[in-house]
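A closer look at the structure
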Amino acid sequence: MHIAVVTGALGQRSRGNHTTVARWQRTCGVELLPAHADALERVPDLFHGYHAFHGGVDALRLARKYDRPLVISVGGTDLFSFADQVKEVFLRADAVTGAFPGFASILKMRLGKAVPYFVVPRAVELDCVPFHAGPGDVLQVLLPAGLRPVKEPLLAIEMAKQLRAADVPVQLTIAGPALDRAHAAQVRARAEPLEFVTVTEYEPEEMTEVYRRSDVVWNTSVHEGGANALLEAVAHGCAIFARNVTGNRELLSEERAPGTLFDPDDFASVMAFHLAVMRETEDERAQRINRGCDWLRRCHDKDDEATALGRVWHEVLHNK
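Structural notes, computed from the coordinates. (Residues numbered from 1 in each chain as written. Predicted model: local features only at pLDDT ≥ 70, side-chain atom pairs only at ≥ 80, totals over all residues. Heavy atoms only, no water.)

What follows is about the overall build of the protein. Summing up its helical and strand segments, the protein has 13 helices and twelve strands in all. The C-alpha radius of gyration computed for the protein amounts to 20 Å, which stays within 12% of the reference 20 Å derived for 320 residues, consistent with globular compactness. Counting only contacts in the protein whose residues sit at least 6 apart along the sequence, the fraction spanning at least 24 positions is 70%. Charged side chains of the protein number 36 positive and 43 negative; the gap between the two group centres comes to 5 Å. (Helix = DSSP H or I, 4+ residues; strand = E, 2+ residues; numbered from the N terminus. Rg over C-alpha atoms; globule rule 2.2 N^0.38 Å. Contact = heavy atoms within 4.5 Å. Lys, Arg positive; Asp, Glu negative; His and termini not counted. Charge placed at Lys NZ, Arg CZ, Asp CG, Glu CD.)

Moving on: the nonpolar core. Counting 51 residues, the largest nonpolar core has Phe-47 and Phe-90 as its most contacted members. Membership of the second largest hydrophobic core comes to 30 residues, among which are Leu-194, Ala-239, Phe-273 and Val-277. (Core = buried A, V, L, I, M, F, W, Y, C linked by side-chain atoms within 4.5 Å. Buried < 20%, exposed > 50% of the residue type's maximum accessible area, 1.4 Å probe, protein only.)

On strand E5 (residues 95–98), burial covers both faces: Ala-95 and Thr-97 on one face and Val-96 and Gly-98 on the other are all buried. Bridge count for strand E4 (residues 70–73) against E5 is three bridges, and the pairing is parallel. Across the sheet, Ile-72 pairs through a bridge with Val-96, a residue of E5. For E5 and strand E6 (residues 117–119), the ladder comprises three bridges, and the chain directions are parallel. Considered in E6, the bridge of Val-96 is made with Tyr-117. Once the chain exits E5 it traverses helix H5 (residues 103–111) before rejoining the sheet at E6, and the crossover so formed is right-handed. (Pairing = 2+ DSSP bridges. Right-handed = clockwise from strand over helix to strand, strands pointing away.)

Taken together, the six strands give an open sheet; going across it, the order is E2-E1-E3-E4-E5-E6, and neighbouring strands pair in parallel fashion. What marks the edges here is a single partner per strand, and that holds for strand E2 (31–34) and E6. Averaged over all adjacent pairs, the angle separating strand axes in this sheet is 25°, with direction ignored. Contacting strand E1 (3–7), E2, strand E3 (46–50) and E4, helix H2 (residues 52–66) crosses the sheet at an angle of about 165° to E3. (Axes fitted to C-alpha atoms, helices over the stretch in contact; angles between N-to-C directions.)

The next point concerns the pairing of strand E9 (residues 197–200). Here strand E8 (residues 170–175) pairs with E9 via four bridges, running parallel. Within E9, the residue paired with Thr-173 across the bridge is Thr-198. The handedness of the E8 to E9 crossover, carried by helix H7 (residues 181–191), is right-handed.

This part covers the packing of helix H1 (residues 16–28) against helix H13 (residues 302–319). Taken N-terminus to C-terminus, the directions of H1 and H13 make an angle of 80°; their axes are 10 Å apart at the nearest point. Considered as vectors, H1 and H13 are oriented roughly perpendicular to each other. Contacts from Arg-23, Trp-24, Thr-27 and Cys-28 in H1 reach Lys-302, Glu-305, Ala-306, Leu-309 and Trp-313 in H13. (Parallel < 35°, antiparallel > 145°, perpendicular 65-115°, else oblique.)

So, on to the sheet that holds strand E12 (residues 260–262). Strand order in the open sheet made by the six strands is E9-E8-E7-E10-E11-E12, with parallel pairing throughout. The outermost strands of the open sheet, each flanked by one partner alone, are E9 and E12. Within this sheet the neighbouring strands show an average axis-to-axis angle of 25°, counted without direction. Across the sheet, helix H9 (residues 228–235) is in contact with strand E7 (139–144), strand E10 (216–219) and strand E11 (239–243); its angle to E11 comes to roughly 160°.

Attention now goes to the side chain of Arg-148. With respect to the helices and strands, Arg-148 occurs in the loop between E7 and helix H6 (153–165). The residues contacting Arg-148, other than those within four sequence positions of it, are Arg-15, Thr-77, Pro-153, Leu-179, Asp-180, His-183 and Glu-224.

By secondary structure assignment, the location of Glu-88 is in helix H4 (residues 84–92). Once the C-alpha coordinates of Glu-88 and Leu-111 are considered, the two residues, 23 residues apart in sequence, prove to be 9.3 Å apart. If we ignore the near neighbours within four places in the chain, the residues touching Glu-88 are Leu-60 and Arg-64. Polar contacts involving the side chain of Glu-88 include one to the side chain of Arg-64, which spans 2.7 Å. (Polar contact = N/O pair within 3.5 Å; in protein donor to acceptor, adjacent residues only side chain to side chain.)

Remember, this is a structural readout, not a statement about activity or role.
Dropping the structure here:
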């Protein structure tokens, strides 16, 4: 079974999308094609577009050109930024995969009809770190996110300012590529006068150390929740603080999921969470990390992800 995954993330190693498709290449043996691919030396059995807009539009083009079935993985932007091109991709796909069951109902509402939908859980390849040193005098907070409006890094800066103003000593690092140049310039301008905010970008191999020196990882997305970065953070022993939006709610819905949802308007809860992390005892921290490791093994194992993908591909090919 030769599967080609079409993605716009190739060459952008610091993006979460690249992390995911690279994992699929290792665990499932897929071929990765750039979104602009055209003439192919070897035609696959099936094209899989990673996200309807960034990979799916071109995956549909290739599927039509070579008369092959099409599978699409849905992302947060696909669900809430619904261009006509994206609608056509979903309606013509032989199957759609998503990280959470609830995405199917959102798609049905947006499309006006149901599509063949399969859940493929998010996964992480990392082994859990058995120990994570507690915070020092300053709480190290990490926001791993590309610089674009949907990730709302400006909210992260405002939250850090509010925490500092309330005498909660945080140091915020916003780590990600500039995916929207105008917005990235705005973020950097807002951060520049603040000695407790750093805006930077790391190579993937550097992220292990970045997570290890972070105490809390934030997700401030407007609607693109449930990022793989949160799984990586849990694997490294970080406390998770994620905005109460679609994706994050689903990711942390499991009873023993190791994360806290927040509402930006509820600053009392924001402050209480970070003070609690600063005051964790070694035993409390160890228990939290162990719960997180157990959750990753139960709900986000890479072999389970590979099995789920294989089932979708086999079913689509069998039915064509």
